[in-house]
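# Chain and residue survey
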Amino acid sequence: MITLRKAKEEDLEIIRDIAAATWPSTYLDIIGQAQIDYMLDKMYNRGELLKQLMEGHIFLIAEEGENQFGFAGYSITGHEERIYKLHKLYVLPSAHGKGVGKILINEVFNQVKDAGGSALQLNVNKHNKAKDFYLKGGFTIKESVKLDIGEGYFMDDYVMEYKF
């Protein structure tokens, strides 16, 4: 049975390992290995993850026994409007189709709703099939963005939103 737990500082390596194992199969055909390496190093280095944890990001880890299968990370972004952002949700390729992503997103929904959130937003690459997962889950496409992330790389994303 898959259980979820809130990540602590000592779990940051698990989050990094899952991201490193997930990104190539998710993004290789979309952005290439060089951009994958750049983004993993920029967004998943220990210092960056620790900073996010200290700033109040909540990371949930999905596991069964000693095995971790995925994680989600979210935080509040618009305090007045009570808007939350899902920054990360990744499931190991070996666990795809087992409902791990659904369990994670449902728990994020529950926690955001319990905290009085009005909406949950996320960015997803326009060519990532996860977009369909989010559309099926009740998200709508709010806008299209192209974000410069440095070193000549861009994120070509949809901003998606789920309203509570």
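Residues numbered from 1 in each chain as written. Predicted model: local features only at pLDDT ≥ 70, side-chain atom pairs only at ≥ 80, totals over all residues. Heavy atoms only, no water.

### Remarks on the overall build of the chain
When helices and strands are counted, the chain shows four helices and seven strands. What you see for the chain is a C-alpha radius of gyration of 15 Å, in line with the 15 Å of a compact globule of 164 residues. Principal axes of the C-alpha set define a box for the chain whose edges measure 40 × 40 × 30 Å. Relative to its full complement of 164 residues, the chain shows a buried share of 43%. Here the contacts in the chain between residues at least 6 apart in sequence split such that 60% fall between residues at least 24 apart. On the chain, roughly 8700 Å² of surface is accessible, and the fraction owed to carbon and sulfur atoms is 50%. Measuring between centres, the 20 positive side-chain charges of the chain sit 5 Å from its 24 negative side-chain charges. (Helix = DSSP H or I, 4+ residues; strand = E, 2+ residues; numbered from the N terminus. Rg over C-alpha atoms; globule rule 2.2 N^0.38 Å. Buried < 20%, exposed > 50% of the residue type's maximum accessible area, 1.4 Å probe, protein only. Contact = heavy atoms within 4.5 Å. Areas by Shrake-Rupley, 256 points an atom, 1.4 Å probe, with all protein chains shown as cover. Lys, Arg positive; Asp, Glu negative; His and termini not counted. Charge placed at Lys NZ, Arg CZ, Asp CG, Glu CD.)

### Let's talk about the sheet that holds strand β4 (residues 83–91)
Spatial ordering of the open sheet is given by β1-β2-β3-β4-β5-β7-β6, a layout of seven strands whose pairing is mixed. What marks the edges here is a single partner per strand, and that holds for β1 (3–6) and β6 (140–150). Each strand of the sheet is rotated relative to its neighbour by a mean of 30°, with strand direction disregarded. Summarising the sheet, strand β5 (residues 119–125) and strand β7 (residues 153–163) pair through seven bridges and their orientation is antiparallel. Among the inter-strand pairings, Q121 is bridged to a residue of β7, identified as E161. On top of the sheet, helix α3 (residues 100–114) reaches β1, β2 (58–64), β3 (67–78), β4, β5 and β7; it is set at about 160° to β4, its chief contact. (Pairing = 2+ DSSP bridges. Axes fitted to C-alpha atoms, helices over the stretch in contact; angles between N-to-C directions.)

### A look at the UniProt feature "domain: N-acetyltransferase" (unreviewed entry) in the chain
In this numbering, the UniProt entry assigns the feature "domain: N-acetyltransferase" (unreviewed entry) to residues 2–164. Note that residues 2–164 is 39% helix and 37% strand, and that its end C-alpha atoms are spaced 26 Å apart. (UniProt positions renumbered as here; feature names shortened; annotations may be inferred.)

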